[in-house]
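# Architecture at a glance
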Amino acid sequence: MQILCDEKLKEIFSNIPTIETERLILRKITPSDSDDMYEYSSRDEVTKYLTWNIHTGPKQTAAYIRLLQKKYLQGVFWDFGLEYKENGKFIGTCGFSSFDKDKNCAEIGYVLSPEYRGRELAKEACLAVMNFGFSTFDLDKIFARFIEGNTPSERVMQKLNMKHEATYKNSFFIKNSYKTVVEYSISKEDFYKSFQQKGKI
């Protein structure tokens, strides 16, 4: 029986689990996270290479999180909120952007508040999400994409031992211009060979 199916996704993400790492709690995004999310989502440096624009006010962020509660219930939203254990602050998100049932793979995405960059927290969150994806859905591969120029995001992928898969020149029209998109990926076998043996997961 195929593990990666709509029923399985809905079952898991309509009651999204909580995952703990050394420094993070990965959990459901809730309305109480609104102020912290607005704090970073209102900054140009955060959204420069993302598909969405800055949040223009706290009410927009609050409305967005209310919408997410409905999507969680439907099992069609696959992001975890990132809570920093040291101070309980909501500092970003990490999860799945898409699932490809035919190829048995998924795309991972992440956003981190600028104040918490440079500490390998994005890597820590991604390792947890990727382990969750491989172990729960028996995926063959996980991939990630970034818009050319987003060097910090590329570095995260490289630290995850993901390998360059493809470059799509001027393939994505966003924010009034065509952008080049770069894709990295890692197989289930290579992921566990890289990190499980080293005790990272």
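For the structure itself, look to the data block above.
A brief structural summary. Note that the structure is a prediction, hence the values are computed from the model and not measured.

Counting through the fold element by element, Thr180 comes out in strand S8 (residues 177-187). Of the residues examined, Thr180 reaches a relative accessible area of 6% and is grouped as buried. From its side chain, Thr180 meets the backbone nitrogen of Asn170 in a polar contact 3.0 Å long. In this view, Thr180 contacts Phe146, Ile147, Glu148, Thr167, Tyr168, Lys169 and Asn170; residues no more than four positions away in its chain are not counted.

Here the focus is the nonpolar core. Counting 57 residues, the largest nonpolar core has Phe13, Phe96, Phe99, Met130 and Phe137 as its most contacted members. Considering each element in turn, this core owes the most residues, eleven residues, to helix H5 (residues 121-137).

When two helices pack together, their arrangement is given by the angle between the helix axes and the distance between those axes. The geometry of H5 relative to helix H7 (residues 188-195) is characterised by a closest axis approach of 11 Å and an angle of 130° between their N-to-C directions. Classified by the angle between their axes, H5 and H7 sit oblique to one another. The two elements H5 and H7 meet at a crossing, and its hand is left-handed. Here Lys123, Leu127, Met130, Asn131, Phe134 and Ser135 of H5 come into contact with H7, specifically with Lys188, Phe191, Tyr192 and Phe195. Among the residues forming the contact of H5 with H7, the class breakdown is six nonpolar, two polar and two charged.

Turning next to H7. Three or four residues apart is the spacing at which side chains of an α-helix point the same way, because the helix has 3.6 residues per turn. Of all the residues in H7, the buried ones are Phe191, Tyr192, Ser194 and Phe195. Projected onto a plane normal to the axis of H7, the buried residues spread over an arc of 160° and lie on a single side.

Okay, the pattern of salt bridges next. Tallied over the entire structure, the rule returns 15 salt bridges. With a shortest N-O distance of 2.7 Å, Glu124 and Arg23 are connected by a salt bridge. Note that Glu124 is positioned in helix H5 and Arg23 in the loop between strand S1 (19-20) and strand S2 (24-27), a separation of 101 residues in sequence. Judged by relative accessible area, which is 12%, Glu124 ranks as buried.

Time to look at the pairing of strand S5 (residues 105-112). A large share of S5 lies buried, amounting to eight of its eight residues. Residue alternation in S5 divides its side chains into two sets, Cys105, Glu107, Gly109 and Val111 and Ala106, Ile108, Tyr110 and Leu112, and both sets are buried. In the sheet, strand S4 (residues 89-100) pairs with S5 via eight bridges, with the strands oriented antiparallel. Residue pairing for S5: Ser98 is matched across the bridge by Glu107.

Taken together, the eight strands give an open sheet; going across it, the order is S1-S2-S3-S4-S5-S6-S8-S7, and neighbouring strands pair in mixed fashion. Strands at the two margins of the open sheet, each flanked by one partner only, are S1 and strand S7 (163-174). Two strands pair when backbone bridges link them, and S1 and S2 are joined in this way by two bridges, in the antiparallel orientation. Bridging across to S2, Glu20 finds its partner in Ile25. Contacts from H5 reach S1, S2, strand S3 (79-84), S4, S5, strand S6 (141-147) and S8 within the one sheet, and its direction differs from that of S4 by about 40°. Its contacts with the sheet put helix H6 (residues 151-159) on S5, S6 and S8, and the angle it makes with S6 is roughly 160°.

Each value, and the rule that gives it
- Residues numbered from 1 in each chain as written.
- Predicted model: local features only at pLDDT ≥ 70, side-chain atom pairs only at ≥ 80, totals over all residues.
- Heavy atoms only, no water.
- Helix = DSSP H or I, 4+ residues; strand = E, 2+ residues; numbered from the N terminus.
- Buried < 20%, exposed > 50% of the residue type's maximum accessible area, 1.4 Å probe, protein only.
- Polar contact = N/O pair within 3.5 Å; in protein donor to acceptor, adjacent residues only side chain to side chain.
- Contact = heavy atoms within 4.5 Å.
- Core = buried A, V, L, I, M, F, W, Y, C linked by side-chain atoms within 4.5 Å.
- Axes fitted to C-alpha atoms, helices over the stretch in contact; angles between N-to-C directions.
- Parallel < 35°, antiparallel > 145°, perpendicular 65-115°, else oblique.
- Left-handed = near helix turned anticlockwise from the far one by under 90°.
- Nonpolar A, V, L, I, M, F, W, Y, C, P; charged D, E, K, R; others polar.
- Arc of directions from axis to C-beta.
- Salt bridge = Lys/Arg side-chain N within 4 Å of Asp/Glu carboxyl O.
- Pairing = 2+ DSSP bridges.

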